[in-house]
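Letter by letter, the chains look like this.
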Amino acid sequence: MRILNQNSVADPSSVVYRRCIVDLEAGTTTQEDVPCRNLEDVLGGFGRSYQILAERKITEAYCPENPLILNTGLLTGSTVMTGLRAYFSSYSPLKQSRKGLPSAMWSAGSGNFGNKLKWSGLDEVIFEKRSATPVYAVFTEGEHGPQIEIKPASHLLGLTGHEKIMALYKEYADAHFAVIGPAGENFDTVYMGAIVLSTDNQLKSGEGKTRFAGRGGMGSMMGYKNLIAIVAQSGDKMGRITPDMRDVNRDVIKNGGSARFQPISQGGHGGTWANIDVLQAFHAVPENNFRPKGDEDVAGLFRPNVEKDFDIQSEACFRCGIRCHNNLYHRNADGSRGAFAAKFDFEPLILFGSNIGINDSRQVAELIHLCDYLGMDAISLGTTISYVLDYNARHPDKPLCDGVTFGQFDQIRELIVKTGRGNVSQVGRGVKRLSEQTGETSYAMHVKGLELPAYLPDTNPAYAFAIAGGHMSMGTHMYLAKEGKTGLDDWVEVITRQGLLQVGYDMIGLCKFVGVGMGHELISRAIGEATGLKVSSEEIVAAVRRAYLRGLALERRQGYDDDDYTLPDQVFESPNPKVNLPAIVTREFFAQMKQRVWAVFKPEMEGLLPE
Amino acid sequence: MQITVKLYGSLCIGRFQSAVREYTDGSTIQTIVTDLGIPSEYLIRLKNGYHAPLEEVLHNNDTVSLLPMLDGG
């Protein structure tokens, strides 16, 4: 990216980014410098990719005209802490309107892949059409700019995501990788394929410590395009950390927002895992398909209990000071640390644990590990499986998937393997389609075709306004538990002012665990120090808001009407008395909330899409 | 007066899970937070099961629950 003038707001075209277009059908590549059209383009990520997607009329995800866009954010590859993000955008095979049209979608991932791509000289790659044979793309830093090669990839087929990465690493020592697992290869029966991203920790240790761009089936899109892997190769170009940047990074680590995610030994709460303690205090931890039982069964997944079976290490991403994630290791007979078992974050822990009736951490770790290796989105897979188990509990006489039900570890394990290998399309195509086949949609836990994360819809009516996944694109999933706010005014305000700004992190290249809002001066300072651009907090917020609203407008263009903006019927029809939080989500409340939110949003959505 | 204090997650470490403690009349949730050495930022506070502000005045036999405020996924 070249910055010709520091006033990117008044003259966004003075910021020029480098794009590569890969025609997978022809096997050709072209590169161009593209001037930014607006601040959303400058900030990057989905703020830029959605403007490209909006220029295309796509009626089915698996078609040659649907591009897969790989890009980075303004701060990816910079010295700002957490600046690691790579983004994948496309019309999703999974997320779909009731009219049957695919929705635009993005998914973000960390690791060191985004940095390497940017350091190779590219800010964006658009993969067009599809290859007739399996290929992988190599982007290398060349003497006169980025070099691109498209190479045969048949030798990688069938390998897990981790195995593909390690195989490629033998050939490309100074590189990082984005690959698909078997799930993405079986894109026709698996719409929830994830993109698996390599990490330094993984490459050094040989252990499967990958990251994922999981949501919306971007890995399945790669599979459709016969693009099995992407290699980004360059030297380490992390710039010198200036004294002012050191201050920015100190504030990233020290601000209370990020400090919460630090290990307990550092005064934090121990990563997102700690959410389980908080939500269990309200009996709001999802159990048995998002239906808490009001008991203490989930205690088996509390950290002190898991520590009895595993050695737990808090670890961080590449050069990040926020050690937010907890890697579990088996313990050897002599008490020493053994092999890597799994990464325990709140989402997979619950969705492969209490929400499918399993509270034994060893079993949960194995299921998480399997999902990761096969390259599926843990949220979509876990939530679809919990529906199958729920359905079978209700219909023992005509069950799905050989009658597997809650708590049956061996059968669930087998179901995950079969799904990841492309043999169970009922599960692999997600819960919306499955529930429409069975005719029982009320307890299918999705909104707008995308499976819900491990926060109860009973406590978050704002899921309806998330544009790319329930908690990643609308920051209200803990609002009721955290604030206890039940008023209509409160919810309209939080959706239309704060919640939507969550998506800003998926533009600028930083991780959400920086823990401050987009309007915080820290974001503006970070941009200024890393790039020299002078962008005020108000201008950042306005650009993020436009990008979010463009996403909402794009949903409407893809056939989403008012009926799509809803929650699973069970939430309205059968409030769960076991949840110790106010039951705010009535049909009346929800209808009024929607009406008032649309009244704010709709006028602002005018003119955000091309004619 | 006697207040039942319940702590959750990492807040229990080095403290307790549940205890009945003596406080003087007029004490608030902030009094307890300060007494226990817990940072008052990013804290969920409940009085008798309902969300309450730090300055909420307590009465004999109230229960105060303190939870770490997290986020993310």
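Note that the structure is a prediction, hence the values are computed from the model and not measured. (Residues numbered from 1 in each chain as written. Chains lettered and ligands numbered in written order. Predicted model: local features only at pLDDT ≥ 70, side-chain atom pairs only at ≥ 80, totals over all residues.)

**Let's talk about the overall build of chain A**
Tallying secondary structure elements over chain A gives 24 helices and 18 strands in all. In terms of overall dimensions, chain A has a C-alpha envelope of 65 × 55 × 50 Å along the principal axes. If you take every contact in chain A between residues at least 6 apart in sequence, the share linking residues at least 24 apart comes to 69%. (Helix = DSSP H or I, 4+ residues; strand = E, 2+ residues; numbered from the N terminus. Contact = placed C-beta atoms within 7 Å.)

**Here we look at the overall build of chain B**
Scanning chain B from N- to C-terminus turns up 1 helix and 5 strands. Ordering the α and β elements of chain B from the N terminus gives β-β-α-β-β-β. Radius of gyration (C-alpha) of chain B: 12 Å, near the 11 Å computed for a compact globule of 73 residues. Seen along its three principal axes, the alpha-carbon backbone of chain B occupies a region of about 40 × 25 × 20 Å. Looking at chain B as a whole, 33% of its 73 residues are labelled buried. Of all intrachain contacts in chain B linking residues separated by at least 6 positions in sequence, the fraction that spans at least 24 positions is 54%. (Rg over C-alpha atoms; globule rule 2.2 N^0.38 Å. Buried ≥ 20, exposed ≤ 12 C-beta atoms within 10 Å, placed from the backbone.)

**Describing the interface of chain A and chain B**
The partner chain B presents 18 residues to the 24 residues of chain A that form the contact. Mapped onto the side of chain A that touches chain B, the elements with two or more residues apiece are α10 (275-280), α12 (346-351) and α18 (479-483) of chain A. Of the residues contributing to the side of chain A that touches chain B, the split by class is 10 nonpolar, 8 polar and 6 charged. (Nonpolar A, V, L, I, M, F, W, Y, C, P; charged D, E, K, R; others polar.)

**Topic: the sheet that holds strand β1 (residues 2-7) of chain B**
As summarised here, the arrangement of the 5 strands in space is β2-β1-β5-β3-β4 (chain B), forming an open sheet in which the pairing is mixed. Looking at which strands have only one partner, the edges of the open sheet turn out to be β2 (18-22) and β4 (50-51) of chain B. (Pairing = 2+ DSSP bridges.)

**Some thoughts on the confidence of the model for chain B**
Chain-level pLDDT for chain B is 94 on average; 97% of the residues reach the 70-or-more range. This prediction of the complex comes with two scores: 0.97 for pTM and 0.93 for ipTM. (pLDDT = per-residue confidence, 0-100.)

**Details of the nonpolar core**
Within the largest apolar cluster, 206 residues are counted, with the highest numbers of intra-cluster contacts made by Y136, F177, I195, A229, V231 and C371 of chain A. When residues no more than four places from it in sequence are discounted, the contact partners of A229 of chain A are Y136, A153, L156, K164, L168, F177, A178 and V179 of chain A. (Core = buried A, V, L, I, M, F, W, Y, C linked by C-beta atoms within 7 Å.)

**Brief notes about the environment of E414 of chain A**
Within the secondary structure, E414 of chain A is located in helix α15 (residues 409-420). Sequence separation between E414 of chain A and L367 of chain A is 47 residues; the distance between their C-alpha atoms is 9.9 Å.

**Considerations on the packing of helix α8 (residues 243-254) of chain A against helix α21 (residues 521-531) of chain A**
Residues and elements named next belong to chain A. In contact at an axis separation of 10 Å, α8 and α21 are set at 150° when each is read in the N-to-C sense. Looking at the two axes, α8 sits roughly antiparallel to α21. The crossing of α8 and α21 is left-handed. In this structure, α8 uses D244, M245, V248, D251 and V252 to contact α21, whose residues at the interface are L522, R525, A526 and E529. In terms of residue class, the contact of α8 with α21 is built from 5 nonpolar, no polar and 4 charged. (Axes fitted to C-alpha atoms, helices over the stretch in contact; angles between N-to-C directions. Parallel < 35°, antiparallel > 145°, perpendicular 65-115°, else oblique. Left-handed = near helix turned anticlockwise from the far one by under 90°.)

**Notes on the sheet that holds strand β16 (residues 337-344) of chain A**
Strand pairing in a sheet relies on backbone hydrogen bonds, with the paired strands running either antiparallel or parallel. Residues and elements named next belong to chain A. Taken together, 3 strands build an open sheet; the order of strands is β14-β15-β16 and the sheet is antiparallel. The open sheet has two edge strands with one neighbour each: β14 (310-315) and β16. Averaged over all pairs of adjacent strands, the angle between their axes in this sheet comes to 30°, without regard to strand direction. Here strand β15 (residues 325-331) runs beside β16; their pairing, made up of 5 bridges, is antiparallel. For N327, the partnering residue across the bridge sits in β16 and is K343.

**Here's the deal with the environment of S154 of chain A**
All names here are of chain A. As for its placement among the helices and strands, S154 is situated in the loop between β9 (145-152) and α4 (161-171). On the neighbour-count criterion, S154 (10 C-beta atoms within 10 Å) is exposed. Sequence spacing of S154 and T133 is 21 residues, and the spatial spacing of their C-alpha atoms is 8.0 Å.

**Some details on the pairing of β15 of chain A**
On any regular strand, side chains alternate: one points to one face of the sheet, the next to the other face. All names here are of chain A. In the sheet, β14 pairs with β15 via 6 bridges, with the strands oriented antiparallel. Counterpart to F310 in the pairing with β15 is H330. What sits between the antiparallel neighbours β15 and β16 is a turn of 5 residues, in which G335 has the positive phi angle 90°.

**With respect to helix α22 (residues 537-557) of chain A**
For α22 of chain A, which comprises 21 residues, the first-to-last C-alpha distance of 30 Å matches the rise-based estimate of 30 Å (1.5 Å per residue) to within 8%. Of the residues one or two after α22 of chain A, G559 of chain A is the one with positive phi, at around 95°. (Expected span 1.5 Å × (residues − 1).)

**Re unusual backbone geometry**
Note on backbone geometry: most residues besides glycine have negative phi, and most peptide bonds are trans. Residues and elements named next belong to chain B. If you check the backbone angles, Y42 has positive phi at about 55° while not being a glycine. Turning to its location among the elements, Y42 is positioned in the loop between α1 (29-36) and β3 (43-47). Backbone geometry places N48, a non-glycine residue, at a positive phi of 50°. With respect to the element layout, N48 can be found in the loop between β3 and β4. A tally of 13 C-beta atoms within 10 Å means that N48 is categorised as partly exposed.

**Observations regarding the environment of L11 of chain B**
Residues and elements named next belong to chain B. Among the secondary structure elements, L11 is positioned in the loop between β1 and β2. Each C-alpha atom, one on L11 and one on S27, is 20 Å from the other, the two residues being 16 residues apart in sequence. Once residues lying within four places of it in the same chain are set aside, the contact partners of L11 are I38, L66 and P68.

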